[in-house]
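Structural overview
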Amino acid sequence: MTIERSLSADYFDNLYSADPDPWKFETSAYEAQKYEATIAALNRDRYPSALEIGCSIGVLTEKLAARCDKLLSLDVSSLALEKAIDRCQNSPHVRFQVLNVPKQFPDETFDLIVVSEVGYYWCWEDLKLAQEKIYSSLTPKGQLLLVHWIHDAPDYPLRGNHVHDSFQEFAAGRLHQCTSQRTDNYRLDLYEKIE
C-alpha cells in the first residue's frame, strides 16, 4: 500500500498525547548510539547558523546546540516542541518554531540543515519540494546531514532508503557527498553544497 499524503500534525499530536516520548529518544541505547554517530559525522567544529527539521522533544537538538552559534529547530507538533523548549531552556541561541515543512519553510539561509528521522513522513511530492527548499536555504558550502531508520513502517509514506536514494539523485551537480554510513538499522549521509 502506498500512502500518497504526508503525515499530518494530528498524527504526531496523537502520538505525543498518548506517550510524551513515543520513540524512546530519551532512554533507547539505539537512539543514544545513533545520536553519537550523528554528531560525530559533523566535520566542522562550529556552524554559525543551523536548521533542524523535525526536532521532536529536543534530544538531538540539545546535542546540536553545542556545535552551533544559532540553531532554529522546527516541528509540526506543538506538544513535542513544548518538551524541546523545556529541555533547551539554558541554550538561548536555540529558537523553536511550529512549522509544517515543506509547505512552510523559514525564509533564512543556513550553514547546516539536519533532517533526522523525518523524511519518510513526507509523500514523494513533499520530499521533492523539501529538497528544493533545503537546497535553496543552504549557504555556499553549507552542509546537509540526513539520518534515517531503514526498516519497514507501514504508517509512513516512504522508507529511509527511499529518502536517502532520492537525495543522492538530487545531489548530482548540486551537492558533494562528504560522508556515507550504513548500519543494519539506519543510514547517515553528509552533503556539502557545491558553490
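What counts as what
- Residues numbered from 1 in each chain as written.
- Predicted model: local features only at pLDDT ≥ 70, side-chain atom pairs only at ≥ 80, totals over all residues.
- Heavy atoms only, no water.
- 1 Å grid on protein atoms, 1.4 Å probe; cavity = no way out; pocket = protein on both sides within 12 Å on 5 of 7 lines; lining within 4 Å.
- Points joined across faces, edges and corners; volume = space filled by probe spheres on them.
- Nonpolar A, V, L, I, M, F, W, Y, C, P; charged D, E, K, R; others polar.
- Axes fitted to C-alpha atoms, helices over the stretch in contact; angles between N-to-C directions.
- Helix = DSSP H or I, 4+ residues; strand = E, 2+ residues; numbered from the N terminus.
- Parallel < 35°, antiparallel > 145°, perpendicular 65-115°, else oblique.
- Left-handed = near helix turned anticlockwise from the far one by under 90°.
- Contact = heavy atoms within 4.5 Å.
- Pairing = 2+ DSSP bridges.
- Phe/Tyr/Trp six-rings, centres within 6.5 Å; stacked < 30°, edge-to-face > 60°.
- Buried < 20%, exposed > 50% of the residue type's maximum accessible area, 1.4 Å probe, protein only.
- Lys NZ or Arg CZ within 6 Å of the ring centre and 35° of its normal.
- Core = buried A, V, L, I, M, F, W, Y, C linked by side-chain atoms within 4.5 Å.

Next up on the list: the layout of surface pockets. Taken as a whole, the largest pocket holds about 550 Å³ of empty space. Taken together, 34 residues form the lining of the largest pocket, with Gly54, Ser116, Glu117, Val118 and Tyr121 sitting closest to its centre. Of the residues assigned to the lining of the largest pocket, the class counts are 23 nonpolar, six polar and five charged.

Closest axis-to-axis distance for the helix 5 (residues 124–137)/helix 6 (residues 160–171) pair is 11 Å, and the angle between their directions is 45°. Compared by their axis directions, helix 5 and helix 6 come out oblique. Here helix 5 and helix 6 pass one another in a crossing that is right-handed. In this structure, helix 5 contributes Trp124, Leu127, Lys128, Gln131, Glu132, Ile134 and Tyr135 to the contact, and helix 6 contributes His162, Val163, Ser166, Phe167 and Phe170. Tallied by class, the residues present in the contact of helix 5 with helix 6 amount to seven nonpolar, three polar and two charged.

Another aspect to go through is the sheet that holds strand 3 (residues 94–98). Here we have seven strands laid out as an open sheet, ordered 3-2-1-4-5-7-6, and mixed in their pairing. Strands at the two margins of the open sheet, each flanked by one partner only, are strand 3 and strand 6 (175–182). Each adjacent strand pair in this sheet contributes to an overall mean axis angle of 15°, direction not counted. Where strand 6 meets strand 7 (residues 186–193), seven bridges bridge the pair, whose relative direction is antiparallel. Among the inter-strand pairings, Arg182 is bridged to a residue of strand 7, identified as Arg187. The strands touched by helix 4 (residues 78–87) are strand 2 (68–75) and strand 3; relative to strand 3, the strand with the most contacts, the crossing angle is about 170°. Along the sheet face, helix 5 touches strand 1 (47–53), strand 4 (110–116), strand 5 (138–149), strand 6 and strand 7 and points at about 140° away from the line of strand 5.

Before going further, it helps to examine the packing of aromatic side chains. Counting across every chain of the model gives twelve aromatic pairs. For the ring pair Tyr16 and Trp23, a centre distance of 6.1 Å and an interplane angle of 70° mean the geometry is edge-to-face. Ring geometry for Tyr120 versus Tyr121: centroids 5.0 Å apart, planes at 80°, classification edge-to-face. Here the two residues Tyr120 and Tyr121 agree in accessibility, since each one is buried. The residue whose ring lies beneath Arg174 is Phe170, and the NZ or CZ to ring-centre distance is 4.0 Å. Across the ring face of Tyr135, the terminal group of Lys193 is positioned such that the distance to the ring centre comes to 4.5 Å.

With 63 residues, the main nonpolar core has Ile53, Ile113, Val115, Ile134, Leu144 and Leu145 as its most contacted residues. In contact with Ile53, not counting residues within four places along its chain, are Leu74, Val101, Phe105, Ile113, Val114, Val115, Ser116, Val118, Trp122 and Ile134.

Nothing here speaks to function; it is all geometry.
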